[in-house]
Amino acid sequence: DAMVIQNPRYQVTQFGKPVTLSCSQTLNHNVMYWYQQKSSQAPKLLFHYYDKDFNNEADTPDNFQSRRPNTSFCFLDIRSPGLGDAAMYLCATSRELQGHTEAFFGQGTRLTVV
Amino acid sequence: DQQVKQNSPSLSVQEGRISILNCDYTNSMFDYFLWYKKYPAEGPTFLISISSIKDKNEDGRFTVFLNKSAKHLSLHIVPSQPGDSAVYFCAASAGRNSGNTPLVFGKGTRLSVIA
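In this report, the structure presented in the accompanying data block is examined.

1. A few points about the overall build of chain B
For chain B, the helix and strand inventory stands at zero helices and 11 strands. The N-to-C order of helical and strand elements in chain B reads β-β-β-β-β-β-β-β-β-β-β. The dimensions of chain B, computed from C-alpha atoms along their principal axes, are 45 × 30 × 20 Å. Here chain B holds 115 residues, and the buried ones make up 47% of them. If you take every contact in chain B between residues at least 6 apart in sequence, the share linking residues at least 24 apart comes to 54%. Surface accessibility of chain B: about 5500 Å² in total, with carbon and sulfur atoms responsible for 47%. Across chain B, the centroid of the 12 positively charged side chains sits 3 Å from that of the 9 negatively charged ones.

2. Looking at the pattern of salt bridges
All names here are of chain A. Under the defined criterion, the tally for this structure stands at five salt bridges over all chains. The partner of R67 in a salt bridge is D77, and the shortest N-O contact between them spans 2.7 Å. Linking R67 in strand β7 (residues 64-67) with D77 in strand β8 (residues 73-78), this pair joins segments that are 10 residues apart in sequence. Residue classification places D77 among the buried positions, given a relative accessible area of 14%.

3. Let's talk about the nonpolar core
Residue and element names in this part refer to chain B. Grouped together as the largest cluster of nonpolar side chains are 23 residues, with contacts concentrated most on F33, W35, L73, L75 and Y88. The element that contributes the greatest number of residues to this core is strand β9 (residues 86-93), accounting for four residues. Those residues in contact with L73, other than ones at most four positions away along the chain, are L21, N22, C23, Y25, F33, W35, V64, F65, L66 and C90.

4. Here we look at the sheet that holds strand β8 (residues 72-77) of chain B
Residues and elements named next belong to chain B. Ordered by their spatial adjacency, five strands build an open sheet running β1-β3-β8-β7-β6, and the pairing between neighbours is antiparallel. Since the sheet does not close on itself, it has two edges, and those belong to β1 (4-5) and β6 (56-59), each with one partner. Pairing of β6 with strand β7 (residues 62-67), which is carried by four bridges, proceeds in the antiparallel orientation. Its bridge partner being in β7, K56 is matched across the sheet by F65.

5. Description of the state of the cysteines
Applying the stated rule across the entire model yields two disulfides over all chains. In this model C23(A) forms its disulfide with C91(A); the gap between the sulfur atoms is 1.9 Å. In this structure the cystine formed by C23(A) and C91(A) twists about its S-S bond by roughly -75 degrees; its chirality is therefore left-handed. Of this pair, C23(A) sits in strand β3 (residues 19-25) while C91(A) is found in strand β9 (residues 87-94), placing the two residues 68 residues apart along the sequence. On the basis of relative accessible area, C23(A) is assigned to the buried category, the value being 0%. In this model C23(B) forms its disulfide with C90(B); the gap between the sulfur atoms is 2.0 Å.

6. With respect to the packing of aromatic side chains
Residue and element names in this part refer to chain A. Counted according to the given criterion, the structure contains 14 aromatic pairs over all chains. Here Y33 and Y35 contribute two aromatic rings whose centre-to-centre distance is 6.3 Å and whose plane-to-plane angle is 35 degrees, an arrangement assigned as tilted. When sorted by exposure, Y33 lands in the same class as Y35, which is buried. The interplanar angle of 35 degrees and the centroid separation of 6.1 Å between the aromatic rings of F64 and Y89 together place this pair among those described as tilted.

Quick notes on the rules
Residues numbered from 1 in each chain as written. Chains lettered and ligands numbered in written order. Predicted model: local features only at pLDDT ≥ 70, side-chain atom pairs only at ≥ 80, totals over all residues. Heavy atoms only, no water. Helix = DSSP H or I, 4+ residues; strand = E, 2+ residues; numbered from the N terminus. Buried < 20%, exposed > 50% of the residue type's maximum accessible area, 1.4 Å probe, protein only. Contact = heavy atoms within 4.5 Å. Areas by Shrake-Rupley, 256 points an atom, 1.4 Å probe, with all protein chains shown as cover. Lys, Arg positive; Asp, Glu negative; His and termini not counted. Charge placed at Lys NZ, Arg CZ, Asp CG, Glu CD. Salt bridge = Lys/Arg side-chain N within 4 Å of Asp/Glu carboxyl O. Core = buried A, V, L, I, M, F, W, Y, C linked by side-chain atoms within 4.5 Å. Pairing = 2+ DSSP bridges. Disulfide = S-S within 2.5 Å. Phe/Tyr/Trp six-rings, centres within 6.5 Å; stacked < 30°, edge-to-face > 60°.

Here is the structure:
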(Lines give C-alpha, C1' and ligand atoms only; values in the text may rest on other atoms or scores of the structure.)
Protein backbone atom coordinates (compact mmCIF):
# COMPACT_ATOMS: atom_id res chain seq x y z
CA ASP A 1 0.00 0.00 0.00
CA ALA A 2 1.30 3.42 -0.94
CA MET A 3 2.35 5.40 2.11
CA VAL A 4 3.15 8.73 0.47
CA ILE A 5 0.77 9.61 -2.30
CA GLN A 6 1.19 12.45 -4.73
CA ASN A 7 -1.52 13.77 -7.01
CA PRO A 8 -1.58 14.19 -9.85
CA ARG A 9 1.25 12.10 -11.31
CA TYR A 10 1.43 14.39 -14.31
CA GLN A 11 0.39 18.02 -14.41
CA VAL A 12 0.39 20.37 -17.37
CA THR A 13 -0.09 24.04 -16.64
CA GLN A 14 0.07 27.23 -18.60
CA PHE A 15 2.83 29.76 -18.17
CA GLY A 16 1.82 32.06 -15.33
CA LYS A 17 -1.24 30.08 -14.27
CA PRO A 18 -1.21 29.08 -10.59
CA VAL A 19 -0.95 25.37 -9.94
CA THR A 20 -1.18 23.23 -6.81
CA LEU A 21 0.40 19.84 -6.26
CA SER A 22 -0.75 17.66 -3.42
CA CYS A 23 0.80 15.08 -1.15
CA SER A 24 -0.75 12.86 1.48
CA GLN A 25 0.78 10.35 3.88
CA THR A 26 -0.53 7.45 5.93
CA LEU A 27 2.61 7.15 8.07
CA ASN A 28 1.68 9.83 10.60
CA HIS A 29 5.16 11.29 10.22
CA ASN A 30 6.01 14.64 11.76
CA VAL A 31 7.99 15.98 8.84
CA MET A 32 6.98 16.55 5.24
CA TYR A 33 9.31 17.78 2.53
CA TRP A 34 9.04 19.08 -1.00
CA TYR A 35 11.91 18.49 -3.41
CA GLN A 36 12.34 19.71 -6.97
CA GLN A 37 14.25 17.50 -9.36
CA LYS A 38 15.20 18.60 -12.84
CA SER A 39 16.54 16.21 -15.44
CA SER A 40 19.92 14.70 -14.50
CA GLN A 41 20.06 16.89 -11.39
CA ALA A 42 20.03 16.07 -7.71
CA PRO A 43 16.71 16.45 -5.90
CA LYS A 44 16.75 19.93 -4.39
CA LEU A 45 14.95 20.66 -1.16
CA LEU A 46 12.48 23.53 -1.44
CA PHE A 47 11.05 23.52 2.08
CA HIS A 48 9.85 21.30 4.85
CA TYR A 49 7.30 21.26 7.64
CA TYR A 50 8.08 19.93 11.08
CA ASP A 51 4.53 19.47 12.33
CA LYS A 52 3.13 22.96 11.68
CA ASP A 53 6.48 24.73 11.63
CA PHE A 54 7.40 25.80 8.12
CA ASN A 55 11.05 25.94 7.05
CA ASN A 56 11.96 27.53 3.78
CA GLU A 57 15.33 26.88 2.13
CA ALA A 58 17.19 30.12 1.58
CA ASP A 59 17.31 29.79 -2.20
CA THR A 60 13.71 28.71 -2.75
CA PRO A 61 12.02 31.31 -4.98
CA ASP A 62 9.08 33.27 -3.56
CA ASN A 63 7.01 31.82 -6.38
CA PHE A 64 6.86 28.58 -4.40
CA GLN A 65 4.62 28.32 -1.37
CA SER A 66 3.43 25.46 0.77
CA ARG A 67 0.53 24.63 3.06
CA ARG A 68 0.07 21.85 5.57
CA PRO A 69 -3.50 21.94 6.85
CA ASN A 70 -3.09 18.76 8.90
CA THR A 71 -0.60 15.96 9.59
CA SER A 72 -1.62 13.96 6.55
CA PHE A 73 -1.63 16.54 3.79
CA CYS A 74 0.84 18.99 2.34
CA PHE A 75 0.45 21.17 -0.75
CA LEU A 76 2.91 22.87 -3.05
CA ASP A 77 1.59 26.05 -4.66
CA ILE A 78 3.40 27.61 -7.59
CA ARG A 79 1.95 31.07 -7.96
CA SER A 80 3.17 31.93 -11.44
CA PRO A 81 4.87 28.96 -13.08
CA GLY A 82 7.62 29.73 -15.51
CA LEU A 83 9.18 27.46 -18.11
CA GLY A 84 12.08 26.92 -15.73
CA ASP A 85 9.77 25.41 -13.13
CA ALA A 86 9.12 22.35 -15.27
CA ALA A 87 10.46 19.49 -13.20
CA MET A 88 9.62 16.43 -11.13
CA TYR A 89 8.32 17.46 -7.72
CA LEU A 90 8.89 14.92 -4.97
CA CYS A 91 7.14 14.85 -1.63
CA ALA A 92 8.77 12.98 1.22
CA THR A 93 8.08 12.31 4.88
CA SER A 94 10.15 11.29 7.85
CA ARG A 95 9.35 10.51 11.43
CA GLU A 96 11.77 13.13 12.69
CA LEU A 97 13.89 15.78 11.05
CA GLN A 98 16.35 14.11 8.75
CA GLY A 99 19.13 13.54 11.16
CA HIS A 100 19.38 9.80 11.37
CA THR A 101 16.05 8.80 9.97
CA GLU A 102 15.23 7.76 6.45
CA ALA A 103 12.77 9.63 4.32
CA PHE A 104 9.91 8.01 2.42
CA PHE A 105 9.14 9.43 -0.98
CA GLY A 106 6.02 9.61 -3.08
CA GLN A 107 6.04 8.75 -6.76
CA GLY A 108 6.40 12.37 -7.73
CA THR A 109 4.44 14.78 -9.90
CA ARG A 110 5.94 15.69 -13.24
CA LEU A 111 5.07 19.28 -14.01
CA THR A 112 5.07 20.57 -17.57
CA VAL A 113 4.70 24.30 -18.24
CA VAL A 114 3.42 25.31 -21.66
CA ASP B 1 28.53 24.17 -4.66
CA GLN B 2 27.59 20.54 -4.60
CA GLN B 3 28.05 19.06 -1.18
CA VAL B 4 27.38 15.52 -2.37
CA LYS B 5 28.95 14.44 -5.62
CA GLN B 6 28.37 11.37 -7.74
CA ASN B 7 30.85 11.81 -10.53
CA SER B 8 29.77 8.85 -12.66
CA PRO B 9 26.44 9.56 -14.37
CA SER B 10 26.17 5.97 -15.53
CA LEU B 11 27.62 2.50 -14.99
CA SER B 12 27.14 -0.76 -16.89
CA VAL B 13 27.85 -4.09 -15.24
CA GLN B 14 27.45 -7.69 -16.31
CA GLU B 15 24.91 -9.76 -14.41
CA GLY B 16 26.55 -11.63 -11.55
CA ARG B 17 29.46 -9.22 -11.26
CA ILE B 18 30.02 -6.56 -8.63
CA SER B 19 28.61 -3.05 -9.06
CA ILE B 20 30.47 -0.27 -7.27
CA LEU B 21 28.85 3.14 -7.06
CA ASN B 22 30.85 5.99 -5.63
CA CYS B 23 29.98 9.15 -3.78
CA ASP B 24 32.07 12.00 -2.38
CA TYR B 25 31.02 14.72 0.03
CA THR B 26 32.50 18.00 1.12
CA ASN B 27 30.64 18.93 4.29
CA SER B 28 32.51 17.53 7.29
CA MET B 29 29.38 17.98 9.43
CA PHE B 30 27.60 15.18 7.60
CA ASP B 31 27.36 12.17 9.85
CA TYR B 32 24.68 10.03 8.25
CA PHE B 33 24.68 8.71 4.73
CA LEU B 34 22.02 6.95 2.73
CA TRP B 35 21.58 5.34 -0.64
CA TYR B 36 18.29 5.57 -2.48
CA LYS B 37 17.25 3.63 -5.55
CA LYS B 38 14.90 5.08 -8.14
CA TYR B 39 13.09 3.29 -10.93
CA PRO B 40 11.58 5.31 -13.80
CA ALA B 41 8.25 6.95 -12.94
CA GLU B 42 8.65 6.09 -9.25
CA GLY B 43 9.92 8.01 -6.26
CA PRO B 44 13.26 7.17 -4.65
CA THR B 45 13.15 4.27 -2.20
CA PHE B 46 15.53 3.84 0.70
CA LEU B 47 18.14 1.16 0.21
CA ILE B 48 20.79 1.27 2.92
CA SER B 49 22.39 3.75 5.29
CA ILE B 50 25.50 4.18 7.38
CA SER B 51 26.34 6.30 10.37
CA SER B 52 29.69 8.03 10.60
CA ILE B 53 30.61 5.92 13.61
CA LYS B 54 30.87 2.91 11.29
CA ASP B 55 32.92 2.22 8.22
CA LYS B 56 30.82 -0.59 6.80
CA ASN B 57 27.19 -1.64 6.77
CA GLU B 58 25.91 -4.72 5.02
CA ASP B 59 22.40 -5.77 4.07
CA GLY B 60 22.17 -8.85 1.89
CA ARG B 61 23.72 -8.11 -1.50
CA PHE B 62 24.25 -4.46 -0.60
CA THR B 63 27.22 -3.11 1.34
CA VAL B 64 28.06 0.51 1.97
CA PHE B 65 31.61 1.53 2.86
CA LEU B 66 32.49 4.86 4.43
CA ASN B 67 35.94 6.45 4.41
CA LYS B 68 35.60 9.55 6.58
CA SER B 69 39.13 10.78 6.08
CA ALA B 70 38.62 10.77 2.32
CA LYS B 71 34.98 11.96 2.61
CA HIS B 72 34.04 9.09 0.36
CA LEU B 73 31.48 6.36 0.40
CA SER B 74 30.67 3.56 -1.95
CA LEU B 75 27.84 1.13 -2.51
CA HIS B 76 28.71 -2.41 -3.52
CA ILE B 77 26.12 -4.71 -5.03
CA VAL B 78 27.15 -8.36 -5.26
CA PRO B 79 26.03 -10.18 -7.29
CA SER B 80 24.40 -7.65 -9.58
CA GLN B 81 21.02 -8.59 -11.01
CA PRO B 82 19.04 -7.11 -13.92
CA GLY B 83 16.43 -5.87 -11.42
CA ASP B 84 19.10 -3.67 -9.88
CA SER B 85 19.06 -1.49 -12.98
CA ALA B 86 17.95 1.91 -11.69
CA VAL B 87 19.28 5.34 -10.72
CA TYR B 88 21.09 5.32 -7.38
CA PHE B 89 21.23 8.49 -5.31
CA CYS B 90 23.70 9.10 -2.55
CA ALA B 91 22.42 11.38 0.22
CA ALA B 92 23.89 12.83 3.39
CA SER B 93 22.66 14.65 6.44
CA ALA B 94 23.86 16.03 9.72
CA GLY B 95 22.34 14.64 12.88
CA ARG B 96 21.10 16.25 16.07
CA ASN B 97 24.57 17.04 17.33
CA SER B 98 25.48 18.73 14.09
CA GLY B 99 22.49 20.88 13.29
CA ASN B 100 20.00 18.26 12.14
CA THR B 101 20.05 19.15 8.46
CA PRO B 102 17.72 17.67 5.88
CA LEU B 103 19.06 15.26 3.29
CA VAL B 104 21.35 16.58 0.57
CA PHE B 105 21.38 14.47 -2.57
CA GLY B 106 23.89 13.74 -5.26
CA LYS B 107 22.90 13.80 -8.93
CA GLY B 108 22.60 10.06 -9.14
CA THR B 109 24.28 7.25 -11.06
CA ARG B 110 22.32 5.21 -13.57
CA LEU B 111 23.21 1.54 -13.17
CA SER B 112 22.51 -0.86 -16.01
CA VAL B 113 22.95 -4.55 -15.28
CA ILE B 114 23.29 -6.49 -18.49
CA ALA B 115 22.10 -10.07 -18.63
